[in-house]
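# Summary of the model geometry
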Amino acid sequence: MTKMLRNSLIALLTALPLLAVAAPAAHEVVQETTDTLLADLKANKERYRNNPDDFYVSLNDILGPVVDVDGISRGVMTVRYSRQATPEQMSRFQENFKRSLMQFYGNALLEYNNQDIRVIPASGKQDPQRTSVNMEIRDGKGVVYPLSYTMVAQDDTWKLRNVVINGINVGKLFRDQFAQSMQANGNNLDKVIDNWANTVARARQARGDS
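This structure is a prediction, so every number in the text was calculated from the model and none was measured. (Residues numbered from 1 in each chain as written. Predicted model: local features only at pLDDT ≥ 70, side-chain atom pairs only at ≥ 80, totals over all residues. Heavy atoms only, no water.)

## Quick word on the overall build of the protein
From N to C terminus, the protein includes 8 helices and 5 strands. When the helices and strands of the protein are placed in sequence order, the string is α-α-α-α-α-β-β-β-β-β-α-α-α. For the protein, the residues scored as buried account for 47% of the 210 residues in total. Put simply, 60% of the contacts in the protein that link residues at least 6 apart link residues at least 24 apart. As displayed, the protein offers around 10,600 Å² of accessible surface, 48% of which is attributable to carbon and sulfur atoms. (Helix = DSSP H or I, 4+ residues; strand = E, 2+ residues; numbered from the N terminus. Buried < 20%, exposed > 50% of the residue type's maximum accessible area, 1.4 Å probe, protein only. Contact = heavy atoms within 4.5 Å. Areas by Shrake-Rupley, 256 points an atom, 1.4 Å probe, with all protein chains shown as cover.)

## Quick notes on the packing of aromatic side chains
Taken as a whole, this structure holds 9 aromatic pairs when the rule is applied. Ring geometry for F93 against F97: centres 5.9 Å apart, planes inclined by 45°, an arrangement best described as tilted. Of the two residues, F93 and F97 both sit in helix α5 (residues 87-109), 4 residues apart, roughly one turn of that helix. Of the two residues examined, F93 and F97, each falls in the buried class. Put simply, the rings of Y81, F93, F97, F174, F178 and W196 pair up and form one aromatic cluster. (Phe/Tyr/Trp six-rings, centres within 6.5 Å; stacked < 30°, edge-to-face > 60°.)

## Re helix α4 (residues 69-82)
Here α4 is 14 residues long, yet its end C-alpha atoms lie only 14 Å apart, well below the 20 Å a rise of 1.5 Å per residue gives. Along α4, the residues classified as buried are V69, G71, I72, S73, V76, M77, Y81 and S82. (Expected span 1.5 Å × (residues − 1).)

## A word on unusual backbone geometry
Despite not being glycine, T78 has its phi angle at roughly 70°, a positive value. When you line up the elements, T78 lands in helix α4. Positive phi, normally seen in glycine, also occurs at N166, with a value near 50°. Within the element layout of this structure, N166 appears in the loop between β4 (157-165) and β5 (168-169).

## Some remarks on the pairing of strand β3 (residues 144-154)
As paired elements, strand β2 (residues 130-138) and β3 share 9 bridges and run antiparallel to each other. Bridge assignment links V133 to a residue of β3, and that residue is Y149. Between the end of β2 and the start of β3, which pair antiparallel, lie 5 residues, with G142 showing a positive phi angle near 85°. Pairing geometry for β3 and β4, over 8 bridges, is antiparallel. Considered in β4, the bridge of A153 is made with W158. (Pairing = 2+ DSSP bridges.)

Here it is, written out as structure tokens:
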């Protein structure tokens, strides 16, 4: 399961940069921006491997504007804790969350090795406010990993809200990690926020994704 999740994450990150577009073009844009990201990775892979921070900056430039960091962060915190958070705490968590997300996924993406990626065409009428983009990733051994992106329309743009990888809900994984960290730290919200990157890193290492 750990290897499967890691391989799925590798494939996932090749297609994460969803550009801001009108709803009808969502599936087309996924494919177009996937090609753009892969071209950048191919041209700079060795430099990124030697200097991962450069890659995290590049990922943030591509993904930052199209990830619904506020929505994801509040979902990870859940209403129980987000209602307790001050605006400053919420802003700090969003920044830490985004940084850990780029590092977490960036490490996986650097292992990408020309997997076959197929965007499944949309079927039926699409909701203009919320839609899913489904994909299939075929690795070198022919194993297929299904992925599903939840995207929401915000200010005439599409933003990524959640991902399900081979049946594994990534948003729920982070949500469980946050709740466990709150319990372990005596519900000290500041401590959990400040140590969020370490929490994600330890979880990755525990699964053997490092």
